[in-house]
Amino acid sequence: MLRVATINVNGIRAAYRKGMDAWLADRDCDVVTLQEVRAPDEVVREVVADSGFHVAHTEAAAKGRAGVAVLSRIEPKDARLGCGDPYFDDSGRWVEADIPLPDGSLLTVVSAYVHSGGVGTPQQDDKFRFLDRMLARMADIRASGAHGIVTGDLNVGHTENDIKNWKGNLGKAGFLPEERAYLDRAVDELGWVDVHRAMSGDMPGPYTWWSMRGKAFDTDTGWRIDYQLATPELAASARTASVDRAPSWGERWSDHAPLVIDYDI
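Residues take numbers from 1 onward in each chain, read along the sequence in its written order. Per-residue local features are limited, in this predicted model, to residues with pLDDT of at least 70; the limit for side-chain atom pairs, both in listing and counting, is 80 or more; totals at the level of whole chains, interfaces and linings are taken over all residues. No hydrogens and no water enter the side-chain calculation; it runs on all heavy atoms of the structure.

Visitor: Which residues make up the sheet that holds strand S2 (residues 31-35), and what values go with them?
Guide: Pairing between strands is defined by DSSP: at least two bridges between them are needed. Labels follow the DSSP assignment, with helices taken as runs of H or I lasting at least four residues and strands as runs of E lasting at least two, numbered in each case from the N terminus. Taken together, six strands build an open sheet; the order of strands is S3-S4-S2-S1-S12-S11 and the sheet is mixed. Of all strands in the sheet, those bounded by a partner on one side alone are strand S3 (54-58) and strand S11 (238-243). Averaged over all neighbouring strand pairs, the angle between strand axes comes to 10°, with direction disregarded. With five bridges connecting them, strand S1 (residues 2-8) and strand S12 (residues 259-263) associate as antiparallel partners. Following the sheet pairing, alanine 5 is matched in S12 by valine 260. Helix axes are fitted to C-alpha atoms over the stretch in contact, other axes to C-alpha atoms as well, and angles between N-to-C directions run from 0 to 180 degrees.

Visitor: Explain a positive patch on the surface to me, and be specific about the residues and the numbers.
Guide: Taken together, the side chains of Arg13, Arg17, Lys18 and Lys63 present a region of like positive charge at the surface. Exposure classes here rest on a 1.4 Å probe applied to the protein chains alone. A residue is buried below 20% of its type maximum, exposed above 50%, and partly exposed in between. Residue classification places lysine 18 among the exposed positions, given a relative accessible area of 54%. Excluding any residue in a salt bridge, patches collect residues exceeding 30% relative accessible area, merging like charges within 9 Å and nonpolar Val, Leu, Ile, Met, Phe, Trp and Tyr side chains within 5 Å. Note on areas: these come from Shrake-Rupley sampling with a 1.4 Å probe, and a residue is covered only by the protein chains present in the view. When a carboxyl oxygen of Asp or Glu lies within 4 Å of a side-chain nitrogen of Lys or Arg, that pair is called a salt bridge. In this count, Lys and Arg are taken as positive residues and Asp and Glu as negative ones, while His and the chain termini are left out. For this purpose, a charge sits on NZ of Lys, CZ of Arg, CG of Asp or CD of Glu.

Visitor: With reference to specific residues and values, describe helix H5 (residues 177-188).
Guide: Helix length check: H5 (12 residues) gives 16 Å between terminal C-alpha atoms against 16 Å at 1.5 Å per residue, within 8%. Within H5 the residues assigned to the buried category are Glu179, Tyr182, Leu183 and Ala186. For H5, the angular spread of buried residues about the axis comes to 90°, placing them on one side. Exposed residues lying more than 90 degrees from the buried face of H5 are Pro177 and Asp188. Contacts were defined at the residue level, with two residues in contact if any of their heavy atoms lie within 4.5 Å. Where the residues of H5 are buried, they touch helix H4 (122-144) and strand S10 (226-230). Given the number of residues in a helix, its expected span is that number minus one, multiplied by 1.5 Å. Note that the arc is computed from the directions linking the helix axis to the C-beta atoms.

Visitor: Describe unusual backbone geometry, listing the residues and the values that go with them.
Guide: At the junction of glycine 205 and proline 206, the peptide bond is cis and its omega measures out at -10° in the coordinates. Tracing the sequence through the fold places proline 206 in the loop between helix H6 (195-200) and S10. Of note in the backbone geometry, asparagine 10 takes a positive phi value of approximately 55° without being a glycine. One can find asparagine 10 in the loop between S1 and helix H1 (12-18). Judged by its relative accessible area of 25%, asparagine 10 is partly exposed. With phi around 50°, glutamate 36 is a residue other than glycine that occupies positive phi space.

Visitor: So, the packing of aromatic side chains: which residues are in play, and what are the values?
Guide: When the centres of two rings from Phe, Tyr and Trp lie within 6.5 Å, Trp using its six-membered ring, the rings pair. Their planes under 30 degrees apart give stacked, over 60 give edge-to-face, and anything left gives tilted. Considering all chains together, one arrives at seven aromatic pairs under this definition. Between tyrosine 87 and phenylalanine 88, the ring centres sit 5.0 Å apart and the planes meet at 80°, which makes this aromatic pair edge-to-face. Seen in terms of ring centroids, tryptophan 210 and phenylalanine 217 are 5.3 Å apart; in terms of plane orientation they differ by 80°. Their pairing is edge-to-face. The pair formed by tryptophan 210 and phenylalanine 217 is uniform in burial state, with each residue classed as buried. One aromatic cluster is present, built from ring pairs that chain together Tyr87, Phe88, Trp94 and Phe130. Placement of a positive charge over a ring is assigned whenever Lys NZ or Arg CZ falls within 6 Å of the ring centre and within 35 degrees of the normal to the ring plane. A cation over a ring is seen here: arginine 73 above phenylalanine 53, with NZ or CZ 3.9 Å from the ring centre. Directly above the ring of phenylalanine 217 sits arginine 245, whose terminal nitrogen or CZ lies 3.9 Å from the centroid.

Visitor: How would you sum up the pairing of S3? Please name residues and give values.
Guide: Among the five residues that make up S3, four are buried, leaving the element largely enclosed by the rest of the structure. Pairing analysis gives five bridges linking S3 to strand S4 (residues 68-72), with the strands arranged antiparallel. Paired with valine 55 across the strands is leucine 71, a residue of S4.

Rendered as structure tokens:
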């Protein structure tokens, strides 16, 4: 089994202080992708030094913002920072690692952190530009013949099942028809599979993010915005999928919860 987890840690140093290290040790993952790492490269490597993972990480030029990483038990054959658009080179939003599998095949793992955006703002323009590049890169990965998995906080709810209060978010960033269309294209045109949704079926949730404010966590008023999008052959090998939702609000170490999927490959 290959166990892959993805989690927006909302700052790796704070997450470790709140219990992420215990989760990481207990979950026995082969690959863990992180978003909003929010730390310099040397700090990230120091924090996870005792975990036994190899690290591919890119930080943002803006201190304390963004940052994504791929942690893997197997040493990557190669790693690439950025999505191929120089405009985003120092944004800390895309990193890839090519991981050799026991059968000799290659798995390209992506950790992505898409902009939250904002209707009518430059940040929304950047979000659309980033999503354009994401689809282009997904097409390249599929064409390479390698297994591929794009993971992370994509900051888009794909369907009404992905946001508890979807009616209240119509016309807002994160649930715009133009944003949702990118995920339609990833699945319908490029042939990638939303593995968590495929395994969960047609139902509300399971959500992966809840606001820290109010009673959102207690009432499960969440969003499903953390994904594992996989090439069809890899997706077909998925056996279990779970969201590691904390038992209580006070036991959370991020405002997101890890999405963990086991692949029989």
